[in-house]
Amino acid sequence: MSKEMTMDYSEKNNRKKGSAPGTDSLLAAGGELHQIAGGEHSSLTTNQGVALSDNQNSLRANPRGPTLLEDFILREKITHFDHERIPERIVHARATGVHGFFELTASLKQYTTARILTEVGEKTPLFTRISTVAGGAGSVDTPRDVRGFAVKFYTKEGNWDLVGNNVPVFFIQDAIKFPDLIHAVKMEPDRGFPQAASAHDTFWDYISLTPESMHMVMWIMSDRTLPRSLRMIEGFGVHSFRLINDAGESTFVKFHWRPKLGLQSTIWDETVKIAGADPDFHRRDMFEAIAAGSFPEWEFAVQLFTQEEADTFPFDHLDPTKLIPEELVPLKVIGRMVLDRWPDNFFAETEQVAYCPGNIVPGIDFSNDPLLQGRLFSYIDTQLSRLGSPNFHQIPINAPKCPFGNHQRDGHMQMAPQAGRVAYEPNSLTASSPRENPAKGFHSAGVNENGVKGRVRAESFADHYSQARQFYLSQTAYEQAHIASALVFELSKVEHLHVREAMVGHLRHIDEDLAKRVAAGLALDKMPVAPPAAVPAREMKLSPALQIIGKMKNTLMGRAIGILIADGSDGAVITTLKKAAIDAGAAVKIVAPKVGGAKLADGSMLAADGQLAGTPSVMFDAVAVILSDEGAQALSKESAAIDFVRDAFGHLKAIAVDKGGRALLKTANVGHDAGVVDAGDKNAFITAAKTRQWDREKSVRTLA
Ligand code: HDE
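Residues numbered from 1 in each chain as written. Predicted model: local features only at pLDDT ≥ 70, side-chain atom pairs only at ≥ 80, totals over all residues.

Looking at an unreviewed UniProt entry, one finds the protein chain named Catalase and attributed to Desulfomicrobium baculatum. Of the protein chain, the UniProt comment under Cofactor (unreviewed entry) reads exactly: "heme". According to its UniProt record, the protein chain has this under Sequence similarities (unreviewed entry): "Belongs to the catalase family. HPII subfamily." (UniProt positions renumbered as here; feature names shortened; annotations may be inferred.)

Here is the structure:
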């Protein structure tokens, strides 16, 4: 139970008196609630504080008679229940949220006055929400989709929301296009499907008519949208922002999050199977990591550049379909984020948290990116409809942790009994009431704006193919094959031939070989004509930083190993492998036909962490199969066991086997390669488990 809940009235009132005098601080307001938290054996009460004598039976006219309208306890309970749901987010409805902190490791004092970026060693609390975009709140964790990466920093100078994605570019260049994009990708309005999937006609129809999306298309067709874990994704602020120093000078900045565990993705077939095996795969992974004290961590990095430098870039940095390659403007690591506390209540925190890109602090400012400009309006408007009140900033997860106050008053769900006679400024009646502060307050960058008003797109936004080409050509051959195959998969789900052809036409501008591979995968009878391009793709310097494989870490930290056993398995081999994997940082789970465990060769019982039918190998990064001859014989008739090894092999994972394990592989018709190692050689297994067996892929599936 939180300290807040256990305080008695006098304690709370004392604390309130101690809060900053003269401010309209709402912080103390929440302290008035004396709600009983779970876990106490105190009386259940109604919301009016009346104790309940019976929570199992409603009030009836007689034991078998009608329920009485008079039953205020029943009515209150059911009414509250009926109103439990609020409108889910139109995008980013499904998410995982975690508390944590940010710690600055290098000062940006030269560039900004924002304290969070100047005070080295200072820790700022934060709440991070990582989401999928297209699916509803109850959809699965692992569709092919961008991940939202939103961080609310509760700084001493107010809340700063950095509301980004795990992809550094976006589909469109202007906010006015966003409703069309989202309508195209969400379930089709007449049929109500597909849920959480872009593989359908309306999405690709829209995209094929929107050349500016082509760079983003390369990213979403890459394995970046199939993350292995939310702990293994990058985050990007996407737009350029400005930093402003105490001389009023401004510098452009792009924000980056880089996961300590390195980048890692799954492959498509694996992702599809994970969705069935565990729809909550990512949420559970995060929950378990935090419960185990293995706190996910990201480096926070910036790319800093001046207007003069921006003028030399071969693209416009205000165009959100473009990124600034790390090779052009290097990343400077300035801090770290650690996520270390699971929310107490999913609804109160993860659902009610309200991010707004417009929440910014002095020393940071917006750029003219037209998408960002539109977002500054949209989020506040969304929160008003979703949370139903202009007082949503008073909900504890949204409230600043620094003193705050002004003369805004009243409205639905006003939580603060704002005292005093004065609710306006300037005033001469209350010296202590809040007023403007030119020295410390927020100032916008003094930027000269001139030109002709109009609904226009800058010419510098016209190049839609160069960075798409740069991204594709910078990938490893394996990743290129995955991109081509993803396009074939998605476009194969599109019923309209002309849409498939239009997309392949665009691909011809990106890379002719890619277009040919996709055309062959779709069995098009001839290459479609490429649409006219305002600016044909230019050759850009390759950027290896755009790869996933290049950014994987050779580690088992944060990864999971599954050991499949059955009656008669060799306990010593299991123990050795398990210890080696744990020592290397992995979590290990024993999988057996029965959850109670298996009777080992020495007669002892080993409890299982998962039952075979419910714990397929897609849950793991590498597996070991340790079986006696009888165990192998018994499992040869179990399709779940056959799938376990076949999928582990098909998903390019290392497999350690003893004699029985090898027999099961044979029954499953699973081949043998360098990634299939002898269970007696723990070092060979650990080495192989740290990576995927990319060379194996050509032997298990035909890629485009
Ligand atoms: Fe969002 N976006 N967005 N978006 N977005 C929302 O706000 C919107 C865009 C992003 O975990 C909504 O509170 C417009 C880019 C994240 O709660 C809504 C445009 C980027 C989240 C909205 C964009 C994002 C949202 C829905 C084009 C990456 C989830 C619910 C101008 C830089 C935040 C809500 C969370 C959520 C509007 C484009 C990221 C409707 C109009 C670009 C991570 O207001």
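Structure's up, so let's keep going.
A. A look at the overall build of the protein chain. Check the secondary structure of the protein chain and you find 21 helices and 18 strands. When the backbone C-alpha atoms are referred to their principal axes, the protein chain occupies close to 90 × 75 × 55 Å. Relative to its full complement of 704 residues, the protein chain shows a buried share of 43%. In the protein chain, the share of contacts with a sequence separation of at least 24, taken over all contacts with a separation of at least 6, comes to 74%. (Helix = DSSP H or I, 4+ residues; strand = E, 2+ residues; numbered from the N terminus. Buried ≥ 20, exposed ≤ 12 C-beta atoms within 10 Å, placed from the backbone. Contact = placed C-beta atoms within 7 Å.)

B. Broad picture of helix α20 (residues 682–689). Buried within α20 we find K682, F685, I686, A688 and A689. Along the long axis of α20, the arc covered by the buried residues comes to 165°, so they all point the same way. Those residues of α20 that are buried are in contact with β11 (560–564), α16 (571–583), β16 (622–625), β17 (654–657) and β18 (676–678). (Arc of directions from axis to C-beta.)

C. Seen up close, the site of the ligand. As a structural note, the neighbourhood of the ligand is formed by 25 residues, with R89, H92, G148, A175 and V238 the closest of them. If you list the elements that add at least two residues to the shell around the ligand, you get β2 (123–132), β3 (147–155), β4 (158–165) and α11 (370–387). Ranked by residues supplied to the shell around the ligand, first place goes to α11 with 7 residues. For the shell around the ligand, the per-class residue count stands at 13 nonpolar, 9 polar and 3 charged. (Near = placed C-beta within 6 Å. Nonpolar A, V, L, I, M, F, W, Y, C, P; charged D, E, K, R; others polar.)

D. Layout of unusual backbone geometry. Here the bond from F193 into P194 is cis, since omega is 0°, no more than 30 degrees from zero. Considering the arrangement of structural elements, one finds P194 in the loop between α4 (178–185) and α5 (201–208). Note the cis peptide between E425 and P426, where omega equals 5°. Its location among the elements puts P426 in the loop between α11 and α12 (466–474). The phi angle at N669 is positive, at roughly 60°, despite the residue not being glycine. If you trace the backbone, N669 turns up in the loop between α19 (659–667) and β18.

E. View of the UniProt feature "domain: Catalase core" (unreviewed entry) in the protein chain. As annotated in UniProt, the feature "domain: Catalase core" (unreviewed entry) corresponds to residues 45–433 in the numbering used here. The span residues 45–433 is 22% helix and 19% strand, and its two end C-alpha atoms sit 38 Å from each other.

F. Local environment of the packing of helix α14 (residues 497–510) against helix α15 (residues 512–521). Axis separation between α14 and α15 bottoms out at 6 Å; the angle between their running directions is 155°. Considered as vectors, α14 and α15 are oriented roughly antiparallel to each other. Only E512, L514, A515, V518 and A519 of α15 make contact with α14, whose side of the interface consists of V504, L507, R508 and I510. Here the contact of α14 with α15 is built from residues that sort into 7 nonpolar, no polar and 2 charged. (Axes fitted to C-alpha atoms, helices over the stretch in contact; angles between N-to-C directions. Parallel < 35°, antiparallel > 145°, perpendicular 65-115°, else oblique.)

G. Geometry of the sheet that holds β18. In space, the 6 strands of this open sheet follow the order β15-β12-β11-β16-β17-β18, with parallel pairing throughout. Looking at which strands have only one partner, the edges of the open sheet turn out to be β15 (610–611) and β18. Pairing of strand β12 (residues 587–592) with β15, which is carried by 2 bridges, proceeds in the parallel orientation. From the neighbouring strand, V591 faces β15, where its bridge partner is G610. (Pairing = 2+ DSSP bridges.)

H. Focus on the environment of P314. Here P314 is to be found in the loop between α9 (307–312) and β9 (332–341). With 12 C-beta atoms packed within 10 Å, P314 lands in the exposed category. Taking the C-alpha atoms as reference, P314 lies 9.6 Å from S466; in sequence the two are 152 residues apart. In this structure P314 touches R538 and M540, once residues within four positions along its chain are discounted.

I. Here's a closer look at the UniProt feature "active site" (unreviewed entry) in the protein chain. Residues given the UniProt feature "active site" (unreviewed entry) here are H92 and N165. These residues run over 74 residues, yet every pair of their C-alpha atoms falls within 10.5 Å of each other. With residues up to four places along the chain from it excluded, the contact list for H92 reads S131, V133 and G148. With respect to the helices and strands, the residue N165 is situated in strand β4. Every residue in contact with N165, bar those within four places of it in the chain, is listed here: V146, R147, G148, F149, F236 and V238.

J. Geometry of helix α18 (residues 639–650). Along its 12 residues, α18 runs 15 Å from first to last C-alpha, staying within 8% of the 16 Å computed at 1.5 Å per residue. Among the residues making up α18, those that are buried are A641, F644, V645, D647, A648, F649 and G650. The positive-phi residue at the C-terminal boundary of α18 is L652, with phi of around 65°. (Expected span 1.5 Å × (residues − 1).)

K. Region of interest: the pairing of β2. Across the 10 residues that make up β2, a large majority, 8, are buried. Looking at chain direction, strand β1 (residues 95–104) and β2 are connected through 9 bridges and run antiparallel. From the neighbouring strand, F102 faces β2, where its bridge partner is T124. Note: β2 against β3, 7 bridges, orientation antiparallel. Looking at β3, one finds that L126 is bridged to F153.

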